[in-house]
Amino acid sequence: MEQEIQETACIVSDMSDMVVIDLHSAVKAEETEEGLPGAGRSLLHITKALSLNEDSDDDSGTDHFSSEKLGTQLQRCEQHGGGSSSLPDTFQTGSLLFYERFKAYQDYMLGDCKPSEVKAFTADYLDKALEPCDWMALWSTDVFDVVVEVQDLDLNDLKACVKLVLPLQCEIRSCEITEESFNSLLEATQHKVPLLELQVLYNESGDFDQTALTLEHLRFFYKHIWRQWDEEDENDDFDYFVRCVEPRLRLYYDILEDRVPAGLVAEYQSLLQSCSQCFQQFSELRGGLSADSDSEIDNVSMVEGLKLYDQLETFKRKLQIIENPLLRYVLAYKGSSRRQCVQSRGLRESGVKVVHVVTACCNTIQLQSLLTARLLPLSSSDDTEIQFHRDPVSAVDSCHQGDMVIILPGTYRVSSSIFIPDSITVEGFGFPDEVVIENQHKGDSFVESAGADVRVSNIKFIQHDAVEGILCVRQGTLNMENCVLQCDTTGVIVQTSARFTMNMCDLYGSKGAGVEIYPGSISSLVSNSIHHCKDGVLIKDFANELDGMPSITMENNIIHNNEDYGVILVKPGTGEEQRVQSCEGEEDPAVQSADDQQQEALPDPSAAKSESAASQLESAGTNSSDGDAAAAAAAGRKWQFGRQLSRSKEVSCSRAVQDLMEHQIFVSVQGNQFKWNGKGDFGIFFY
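Along every chain, residues carry numbers that run from 1 in the direction the sequence is written. pLDDT decides what is reported in this predicted model: residues at 70 or higher carry local features, side-chain atom pairs at 80 or more are listed and counted, and totals for whole chains, interfaces and linings draw on all residues regardless. Side-chain metrics in this entry use all non-hydrogen atoms of the structure; hydrogen atoms and water are not considered.

## Details of the overall build of the protein chain
Logical step 1: Note on conventions: DSSP H or I runs of at least 4 residues are helices, E runs of at least 2 residues are strands, and numbering of each starts at the N terminus. Per the secondary structure count, the protein chain includes 15 helices and 34 strands.
Logical step 2: If you take every contact in the protein chain between residues at least 6 apart in sequence, the share linking residues at least 24 apart comes to 69%.
Logical step 3: Note on areas: Shrake-Rupley with a 1.4 Å probe; residue coverage comes only from the protein chains shown. Taken as a whole, the protein chain presents about 33,900 Å² of accessible surface, with 50% of it coming from carbon and sulfur. Contact definition: two residues touch when any of their heavy atoms are within 4.5 Å.

## Digging into the nonpolar core
Logical step 1: The term nonpolar core refers to a set of buried residues drawn from Ala, Val, Leu, Ile, Met, Phe, Trp, Tyr and Cys, joined through side-chain atoms within 4.5 Å. Any residue under 20% of the maximum accessible area for its type is buried, any over 50% is exposed, and the rest in between are partly exposed; the area is computed with a 1.4 Å probe on protein chains only. Core analysis: the biggest nonpolar cluster contains 63 residues, and Phe 461, Phe 500 and Val 537 have the highest contact counts within it.
Logical step 2: Per element, the largest residue contribution to this core is four residues, and it comes from strand 11 (residues 404-407).
Logical step 3: Counting 54 residues, the second-largest nonpolar core is a separate cluster that includes Leu 96, Phe 102, Leu 164 and Phe 208.

## Things to note about the pattern of salt bridges
Logical step 1: Each salt bridge in this description consists of a side-chain nitrogen of Lys or Arg and a carboxyl oxygen of Asp or Glu lying within 4 Å of one another. A full pass over the atoms with the stated rule returns 24 salt bridges.
Logical step 2: Among the ionic pairs, Arg 227 bridges to Glu 323, the shortest N-O distance being 3.9 Å. Residue Arg 227 is located in the loop between helix 6 (209-225) and helix 7 (240-256), and its partner Glu 323 is located in helix 9 (residues 296-323); the two are separated by 96 residues in the primary sequence.
Logical step 3: Residue Arg 227 is classed as buried on the basis of its relative accessible area, which comes to 8%.
Logical step 4: Residue Arg 374 pairs with Glu 427 through a salt bridge whose shortest N-O separation is 2.9 Å. Pair noted here: Arg 374 is in helix 12 (residues 364-378) and Glu 427 is in strand 14 (residues 425-428), with a separation of 53 residues, a long-range link.
Logical step 5: A relative accessible area of 23% means that Arg 374 is categorised as partly exposed.

## With respect to the confidence of the model for the protein chain
Logical step 1: In this model, the protein chain carries an average pLDDT of 76, and 70% of its residues clear a pLDDT of 70 or more.
Logical step 2: Scored from 0 to 100, pLDDT reflects the predictor's confidence in each residue. Across residues 15-67 the pLDDT falls below 50, and counting only partners more than four positions away or on other chains, this stretch makes 63 contacts in the model.

## Digging into the sheet that holds strand 15 (residues 435-439)
Logical step 1: If you trace the eight strands from one edge of the open sheet to the other, you get 12-15-18-21-24-27-30-33, paired in parallel fashion. Strands with a single pairing partner mark the edges of an open sheet, and in this sheet they are strand 12 (410-414) and strand 33 (673-675). With direction set aside, neighbouring strand axes in the sheet form an average angle of 10°.
Logical step 2: Two strands are said to pair when DSSP picks up at least two bridges between them. Here strand 15 pairs with strand 18 (residues 460-462) via three bridges, running parallel. Among the inter-strand pairings, Ile 437 is bridged to a residue of strand 18, identified as Phe 461. Angles run from 0 to 180 degrees between N-to-C directions of axes, and those axes are lines fitted to C-alpha atoms, restricted for helices to the stretch in contact.

## Concerning the sheet that holds strand 16 (residues 447-449)
Logical step 1: With parallel pairing, the eight strands of this open sheet are ordered in space as 13-16-19-22-25-28-31-34. Looking at which strands have only one partner, the edges of the open sheet turn out to be strand 13 (418-420) and strand 34 (680-686). On average, each strand axis in the sheet is tilted by 10° relative to the strand beside it, whichever way the strands run.
Logical step 2: Examined bridge by bridge, strand 28 (residues 535-540) and strand 31 (residues 565-571) share four bridges and lie parallel to one another. What sits directly across from Leu 538, in strand 31, is Ile 568.

## Here's the deal with empty space enclosed by the protein
Logical step 1: Site definitions follow a grid-based scheme: protein atoms alone, a 1 Å grid, a 1.4 Å probe that fits but cannot get out for cavities, and for pockets an open set with protein on both sides within 12 Å along at least five of seven lines, plus lining residues having an atom within 4 Å of a point. Grid points are joined across faces, edges and corners, and a volume is the space filled by probe spheres set on the points. Inspection of every chain in the model, using the stated rule, returns two cavities of 30 Å³ or more.
Logical step 2: When its volume is computed, the largest cavity comes out at roughly 170 Å³.
Logical step 3: What lines the largest cavity is a set of 14 residues, among which Asp 230, Asp 233, Cys 244, Arg 248 and Gln 320 lie closest to the centre.
Logical step 4: For this scheme, ten residues count as nonpolar: Ala, Val, Leu, Ile, Met, Phe, Trp, Tyr, Cys and Pro. Four count as charged, namely Asp, Glu, Lys and Arg, and the remainder, Gly too, count as polar. Of the residues assigned to the lining of the largest cavity, the class counts are six nonpolar, one polar and seven charged.
Logical step 5: Considered as a void within the structure, the second largest cavity measures approximately 90 Å³ in volume.
Logical step 6: Pro 392, Val 396, Val 405, Ile 407, Ile 418, Ile 420, Val 426, Ile 437, Val 447, Val 456, Phe 461 and Met 480 are the residues that line the second largest cavity.
Logical step 7: Among the elements of the structure, helix 13 (392-397), strand 11 and strand 13 are those that each provide at least two residues to the lining of the second largest cavity.

## Concerning helix 7
Logical step 1: For helix 7, which comprises 17 residues, the first-to-last C-alpha distance of 23 Å matches the rise-based estimate of 24 Å (1.5 Å per residue) to within 8%.
Logical step 2: Within helix 7, 12 of the 17 residues are buried, which leaves it mostly tucked inside the rest of the structure.
Logical step 3: Buried within helix 7 are the following residues: Tyr 240, Phe 241, Val 242, Cys 244, Val 245, Glu 246, Pro 247, Arg 248, Leu 249, Leu 251, Tyr 253 and Asp 254.
Logical step 4: Of the residues that open helix 7, the one with a side-chain oxygen 3.0 Å from the backbone nitrogen of Phe 241 is Asp 239.
Logical step 5: Following helix 7 by one or two positions, Asp 258 adopts a phi angle in the positive range, close to 60°. Multiplying one less than the number of residues by 1.5 Å gives the expected span of a helix. Whenever a nitrogen or oxygen atom comes within 3.5 Å of another N or O atom, the pair is scored as a polar contact, on the condition that within protein one atom can donate a hydrogen and the other can accept it, and that pairs from neighbouring residues in sequence are kept only if both atoms are in side chains.

## Digging into helix 3 (residues 98-109)
Logical step 1: Across its 12 residues, helix 3 extends 15 Å between first and last C-alpha, which sits within 8% of the 16 Å expected from 1.5 Å per residue.
Logical step 2: Those residues of helix 3 not exposed but buried are Glu 100, Arg 101, Phe 102, Lys 103, Ala 104, Tyr 105, Gln 106, Asp 107, Tyr 108 and Met 109.
Logical step 3: Looking one or two residues past helix 3, Gly 111 carries a phi angle of roughly 60°, positive in sign.

## Remarks on the packing of aromatic side chains
Logical step 1: Any two of the Phe, Tyr and Trp rings considered here, Trp counted by its six-membered ring, make a pair once their centres fall within 6.5 Å; the pair's planes then place it as stacked at under 30 degrees, edge-to-face at over 60, or tilted in between. By the definition in use, this model includes 18 aromatic pairs.
Logical step 2: With 4.8 Å between their ring centres and 90° between their planes, Phe 220 and Tyr 252 make a pair best called edge-to-face. Of the two residues, Phe 220 is situated in helix 6 and Tyr 252 in helix 7; the sequence distance between them amounts to 32 residues.
Logical step 3: On the basis of relative accessibility, which here comes to 25%, the residue Tyr 252 falls in the partly exposed class.
Logical step 4: Judged by centre distance (6.1 Å) and plane angle (35°), the ring pair of Phe 221 and Trp 226 falls under tilted. Neither Phe 221 nor Trp 226 differs from the other in exposure class; each is buried.
Logical step 5: Put simply, the rings of Phe 98, Phe 102, Phe 220, Phe 241, Tyr 252 and Tyr 253 touch in pairs and so form one group of aromatic residues.

Take a look at the structure:
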């Protein structure tokens with residue numbers, strides 16, 4: 001019996017060896033074919049063979065077709081001139097997902113190159129991924145679209161040698177161009193056109209899918225990622241993908257998916273344009289200087305050049321801040337244009353105060369009840385008027401300091417943000433579930449408060465797709481009582497120097513933190529329910545010379561059923577907190593042990609006192625970090641199709657803490673209940 005098992009094992013082993021030999025032979029045969037015919041398919045075979053030693057589910061933005069499938073895997077694009085167009089269709093490649101582009105740039109196009117090596121790596125990538133000749137493309141410019149045939153490639157200049165396809169197939173815009181004019185234009189350019197202006201014609205065979213995707217990656221890179229000044233960075237010794245490509249790619253998709261406020265997008269685009277103009281002026285001035293000249297004109301130009309250089313560096317730093325998702329709101333964003341236009345109105349010159357009543361319609365019983373309970377007591381003096389509005393936005397926009405807004409029961413659907421720049425009171429006349437304000441627009445925060453003393457009560461707010469949050473306290477003081485906050489993206493944001501008090505409120509549904517507290521702010525959370533968010537309360541500790549620590553009171557709250565932590569502190573880490581974990585995602589045993597100990601020794605939160613908060617905050621979750629490096633060959637740093645892991649990754653970690661109360665973040669922590677939070681009740685995150 002044992003002899004039969006051994007014979008069977010030998011046969012299986014021999015068959016495995018034969019399969020491996022056949023596979024390597026097939027790859028080698030395709031690599032050595034003269035002129036790389038079918039380069040799209042051979043590329044797929046090569047990458048598939050090289051990826052056999054990796055995880056089978058390791059996806060890639062460039063190689064996501066199976067070489068065993070026949071026919072194209074891409075969609076047809078029929079958007080050239082509508083139904084009357086005489087032009088053939090092209091491939092639809094412009095709707096790739098984030099991870100597809102991410103993998104293509106990281107694993108195939110750029111790897112771990114430096115900024116000065118981007119062009120060389122790109123040319124090497126194109127050399128292996130593009131069909132070298134004999135493919136049809138649409139040469140598309142602002143003036144015309146014309147069908148051409150690619151005959152050769154000049155990859156160092158990112159150009160292709162082409163010829164016109166006869167009979168002529170073209171569409172002209174704003175001028176008349178004949179076949180002779182096209183030929184003259186091609187002769188003037190030595191028949192070379194930019195690869196960025198070529199779109200591969202649709203072909204059902206699948207032979208040109210890889211070429212179409214490669215051109216799309218190239219076109220997207222130079223349109224949305226690459227900056228003219230990237231290769232001139234004085235500090236060239238860094239991973240270009242990690243430092244520049246990944247954050248810019250993430251920002252592009254955040255903007256595309258409406259996760260960035262419109263005001264910040266406009267600010268970023270303006271900065272990009274200003275930086276490009278400054279770089280252009282600096283380059284022209286630098287090019288006109290003579291190295292050996294001591295003339296007065298050159299000396300003046302040198303001074304101007306230094307000013308432009310400093311201005312350019314300032315623009316670059318601002319762009320990097322916006323590209324960093326952690327810093328863009330803290331350091332860069334100054335608010336939407338509409339928010340900046342809304343100014344405090346102060347008191348009316350006449351000294352009259354107004355009660356603004358909001359209702360679409362009401363019956364006599366409601367009106368009588370309103371008069372008895374609120375309007376008559378408020379209007380007892382001659383300096384008070386009553387105005388009626390159909391929606392809360394117009395009522396708040398009409399307010400001056402000291403006014404009151406009373407909202408009658410009903411559901412009010414608004415299509416713009418609510419800005420409160422003055423000290424006013426906004427209250428619902430009834431229970432929160434009866435007075436509902438629902439946000440129906442995509443944009444910035446739903447409600448923003450900047451008044452010195454703002455009071456909101458008895459209202460239910462329902463958020464849909466507001467980028468910054470359901471409520472943002474920019475400055476001043478906001479007191480909120482007996483409200484319901486049904487979040488969608490982010491919850492309440494308390495910014496630096498603002499004061500926020502939330503009593504007896506119900507907050508839920510945030511994809512971020514339920515309450516996000518910035519340094520230098522003061523927050524009091526008493527008798528609230530915060531649940532079904534990503535984190536219950538997130539505290540940002542970016543303490544520096546300008547901003548003090550946040551001051552927080554938490555009493556008798558119920559924080560439960562949150563995806564990650566009940567309360568989490570985010571703070572800058574030092575070298576000793578940042579440890580690199582294995583790329584396989586193995587958990588640090590010490591951290592795992594700390595988590596286990598916290599779960600076992602967690603005290604009864606209902607009996608917690610201020611002195612016990614430090615021990616409660618000892619729990620810290622783990623954060624796996626990308627990390628291991630694959631060193632490129634020192635000679636030439638040639639691009640490889642095998643996966644290239646970046647040499648450096650952003651590292652973050654968390655650990656248990658013992659001294660949190662010494663920072664005096666918590667003024668009072670007592671009577672809170674924490675239940676069923678996914679990663680623990682308390683945690684600290686180092687970035």
